[in-house]
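# Understanding the architecture of this molecule
What follows is each chain in one-letter form.
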Amino acid sequence: MEDGAGRHHALVTWPSAPGAAGYFIYAAQEGKLRADWGLAEPRLEQTLSQRLVELRNAFAANPAKRFFTRLNETAVSATSYQATLPRGSKEIHLFLVVGISAGGVESEWPGAGDPMLRKRPIAYAAPQKQVPDAPTLEVRRAADPDSGTDAFRADLRLTTLPGATVDRIDIHRVRSEAAAVELDTMGPPLMTVRSGEPTWAIRALPPRGAAPGQAIGIANGVDRPAGSWSPLYYRAVAWSLPRPERGLLGGRSKPSAARSVVIPPPGPPDLQPLEHSWPGGDIALIEIATATPAPIEATTLGAHRLRVEVTGLAENGPGTALFAWPELVDGVPGDGSLRALPTAPPALGTSGIWRETPDENTRIRLRIVRPNVDTALSVRFQLDDPLGRATERIAAVPAGSPLPPLAFGVVAVRRIAGKGFVVRAPINLPLKVPPEAGYRLKAAFRPHLAVPGPLPRPMGRGVTLDVDYADIPQLRPLEDPFAGTVPLPVRREAAGRTGALLSFYLRGQGGSLRATLGGVDGAPASFMQEVP
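One structure accompanies this document, and this report is about it. (Residues numbered from 1 in each chain as written. Predicted model: local features only at pLDDT ≥ 70, side-chain atom pairs only at ≥ 80, totals over all residues. Heavy atoms only, no water.)

### Considering the overall build of the protein
- Each helix and strand in the protein was counted, giving two helices and 34 strands.
- A globule of 532 residues ought to have a C-alpha radius of gyration of about 24 Å, yet the protein, at 46 Å, is considerably larger.
- Taken along the three principal axes of its C-alpha coordinates, the protein extends 145 × 65 × 40 Å.
- When each of the 532 residues of the protein is scored for burial, the buried share is 41%.
- Restricting to contacts in the protein with at least 6 residues of sequence separation, those with at least 24 account for 65%.
- Taken as a whole, the protein presents about 28400 Å² of accessible surface, with 53% of it coming from carbon and sulfur.
- Put simply, the protein has 59 plus and 52 minus side-chain charges, and the middle of one group is 5 Å from the middle of the other. (Helix = DSSP H or I, 4+ residues; strand = E, 2+ residues; numbered from the N terminus. Rg over C-alpha atoms; globule rule 2.2 N^0.38 Å. Buried < 20%, exposed > 50% of the residue type's maximum accessible area, 1.4 Å probe, protein only. Contact = heavy atoms within 4.5 Å. Areas by Shrake-Rupley, 256 points an atom, 1.4 Å probe, with all protein chains shown as cover. Lys, Arg positive; Asp, Glu negative; His and termini not counted. Charge placed at Lys NZ, Arg CZ, Asp CG, Glu CD.)

Here you go:
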């Protein structure tokens, strides 16, 4: 290969000659020798081997020393010599080596009586790198019915030019625009196209003048990447094969220009079903939530747009529009893109919509202030993608309290020796609720009197409890609530994902426990438990 200056080097080697104290190296270029010997210029179709045969035959017929030039002024003692070939040379270079005695006499120049005369010249030729021109690449998005309804693919079209024979074409693909700036940062090829590739439609390119044609002239193929709103970037590069008989090295062409395309996900945009809940505070508040993986920022094809309509439905009355997104600006709908959604909840006491992006999905929340708790809601969300495909979600929020009726589960009693009893009552209420929820626990425990006689024993003076649910202490590890001074200790713990466990610590010999937990909706839950 050529060095940094673009020159090639030939390492000429030969066997040692008996009695030689050193060696002189003689050289001649093909062009000069052909002129000296009266040979025609080499024809374009001739290989290096064919040209060398002509030179060897001419040397055998006229091995004149005057046609060669000595390279070294002083004899070399080694049996090798590195010769530098002229920059850009495409000729054959012939070298002859003669020995020199200790007395400075050169050995005889090869002549007619030498049986090895034809092969005495040592031949070298600088290899030439012949690479194809950069291929042309076209990429476009196309419908792909073979992959399903509303699916897309990338149609690829490659075109080569006459010249160096193309052996194959590599296609590279990345999603990063920065990585596509240089071919070497795009990673290994996505696919390789060769003549006869069954999955590609390939047409040959006929010769153009003196330039040979191409087996891979025009190639049409398909790529089916996973759908995404992020662009894909493609580049192609052509490779040629080495042709040793002509001294040609194969190589890689310059890359094609980068081409980008967006292959959207199949089907309409993903929008999760609507869920409604009470966010706390005023019982008339309702919060609607959904989520989508659609990108917030506009894509090269456009933005995803959201439309929201909320209608209040009073009993035996007409529907009333309570909220709409996007808002009207001078009678015209405003920017409904996901990017335009606020990123913070509305002010207290007002309806509003906002978005949150804690992970790969964007959560969309809508808070509605109903005129009163008896107003039902009809909620409609529609998400449109840049291609006009839409997903609609509808929810009906019934009138009345959004909270489920409170209910205690199965109550359990456990005796603690020397201390009393623990009564555990599960409740369908989360462990933590906002104080404004208004849940309040009332309990009364009347112990049995310690007097002999048949059951039921008479009841003694009881203790009571009246506390906000949010103020009930959570049970700490290794805590002993019996050790405190509170007449009727109570603790709360988590029970499952959505429930809680209330534990009442009763001192004494048993008795009767009654507990009531009430909420803002006026539907309390109660239980009464006899403790033996």
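### With respect to the environment of F59
- Its location among the elements puts F59 in helix α2 (residues 48–61).
- Among the residues examined, F59 registers a relative accessible area of 0% and is labelled buried.
- For the pair F59 and P121, spaced 62 residues apart in sequence, the C-alpha separation works out to 8.4 Å.

### Some details on the sheet that holds strand β6 (residues 122–125)
- Overall, antiparallel pairing links the four strands, which are arranged β3-β2-β5-β6 in an open sheet. Of all the strands in the sheet, the pair left with one neighbour each is β3 (69–70) and β6.
- Bridge count between strand β2 (residues 22–29) and strand β5 (residues 92–100): eight bridges; the pairing is antiparallel. By the bridge assignment, A28 is partnered in β5 with L94.
- The sheet strands contacting helix α1 (residues 30–37) are β2 and β5, and the helix crosses β2 at an angle near 75 degrees. (Pairing = 2+ DSSP bridges. Axes fitted to C-alpha atoms, helices over the stretch in contact; angles between N-to-C directions.)

### Topic: α2
- Taking 1.5 Å as the rise per residue, α2 with 14 residues should run 20 Å; its terminal C-alpha atoms sit 20 Å apart, in good agreement.
- Along α2, the residues classified as buried are L48, R51, L55, R56, A58 and F59. The buried residues of α2 all sit within an arc of 160 degrees when viewed along its axis, so they share a single face.
- In this fold, the buried residues of α2 make contact with α1, β5 and β6. (Expected span 1.5 Å × (residues − 1). Arc of directions from axis to C-beta.)

### Describing the packing of aromatic side chains
- Inspection of every chain in the model, using the stated rule, returns ten aromatic pairs.
- Ring centres of F95 and Y124 lie 5.9 Å apart, and the angle between their planes is 80 degrees; this geometry places the pair in the edge-to-face category. Remark: Y124 occurs in strand β6 and F95 occurs in strand β5; sequence separation between them is 29 residues.
- With relative accessibility at 25%, the residue Y124 sits in the partly exposed group.
- The structure contains a cluster of three or more aromatic residues connected by ring pairs, namely Y26, W37, F59, F67, F68 and W109.
- Here the basic side chain of R492 rests over the ring of Y469, its NZ or CZ set 5.4 Å away from the ring centre. (Phe/Tyr/Trp six-rings, centres within 6.5 Å; stacked < 30°, edge-to-face > 60°. Lys NZ or Arg CZ within 6 Å of the ring centre and 35° of its normal.)

### Quick look at α1
- The complete set of buried residues in α1 reads E30, G31, L33, R34 and W37. Projected down its long axis, α1 shows its buried positions confined to an angular sector of 165 degrees, all on one face.
- Lining the buried residues of α1 we find β2, α2 and β5.
- Phi for G38, located one or two positions after α1, is positive at around 75 degrees.

### Looking at the pairing of strand β28 (residues 420–427)
- Buried residues dominate β28, accounting for six of its eight residues.
- Of the strand pairs in this sheet, strand β27 (residues 412–416) and β28 are connected by five bridges, and their pairing is antiparallel. Each residue of the ladder has a partner; that of R414, found in β28, is V422.
- In this structure, the hairpin formed by β27 and β28 is closed by a connection of three residues, where G418 is found at a positive phi of approximately 80 degrees.
- Direction of pairing for β28 relative to strand β32 (residues 499–507): antiparallel, over a ladder of eight bridges. Bridged to F421 within β32 is L506.

### Looking at the side chain of S228
- Tracing the backbone shows S228 in the loop between β13 (214–223) and β14 (232–240).
- For S228, a relative accessible area of 19% gives the class buried.
- In contact with S228, not counting residues within four places along its chain, are R175, V262, I263, P264 and P265.

### Some details on the pattern of salt bridges
- Evaluated as defined, the whole model comprises 32 salt bridges.
- The salt bridge partner of D466 is R440, with a shortest N-O separation of 2.5 Å. Taken together, the residues D466 in strand β30 (residues 463–468) and R440 in strand β29 (residues 440–447) connect sequence positions 26 residues apart.
- The exposure class assigned to D466 is partly exposed, which follows from its relative accessible area of 44%.
- By relative accessible area, which is 32% here, R440 ends up partly exposed.
- Through salt bridges with shared partners, a single network forms among R140, D144, R153, D155 and R224. (Salt bridge = Lys/Arg side-chain N within 4 Å of Asp/Glu carboxyl O.)

### Section: the sheet that holds strand β24 (residues 362–369)
- Here four strands make up an open sheet; going across it, the order is β17-β18-β24-β23 and the pairing antiparallel. Of all the strands in the sheet, the pair left with one neighbour each is β17 (275–277) and β23 (352–356). Each strand of the sheet is rotated relative to its neighbour by a mean of 20 degrees, with strand direction disregarded.
- Judged from the eight bridges that link them, strand β18 (residues 285–292) and β24 form a sheet pairing that is antiparallel. Bridge assignment links A289 to a residue of β24, and that residue is R365.

### What about the environment of L478?
- Along the chain, L478 turns up in the loop between β30 and β31 (490–495).
- Overall, L478 belongs to the exposed group, its relative accessible area being 89%.
- In the structure, L478 is positioned 229 residues away from L249 in sequence and 81 Å away in space, judged by C-alpha atoms.

### Describing the packing of α1 against α2
- Packing of α1 against α2 brings their axes to within 11 Å, and their N-to-C directions diverge by 45 degrees. By the angle between their directions, the pair α1 and α2 is classed as oblique. At the point where α1 passes α2, the crossing takes the left-handed sense. Listed contacts from α2 to E30, R34 and W37 of α1 are R51, E54, L55, A58 and F59.
- Of the residues belonging to the contact of α1 with α2, the class tally is four nonpolar, no polar and four charged. (Parallel < 35°, antiparallel > 145°, perpendicular 65-115°, else oblique. Left-handed = near helix turned anticlockwise from the far one by under 90°. Nonpolar A, V, L, I, M, F, W, Y, C, P; charged D, E, K, R; others polar.)

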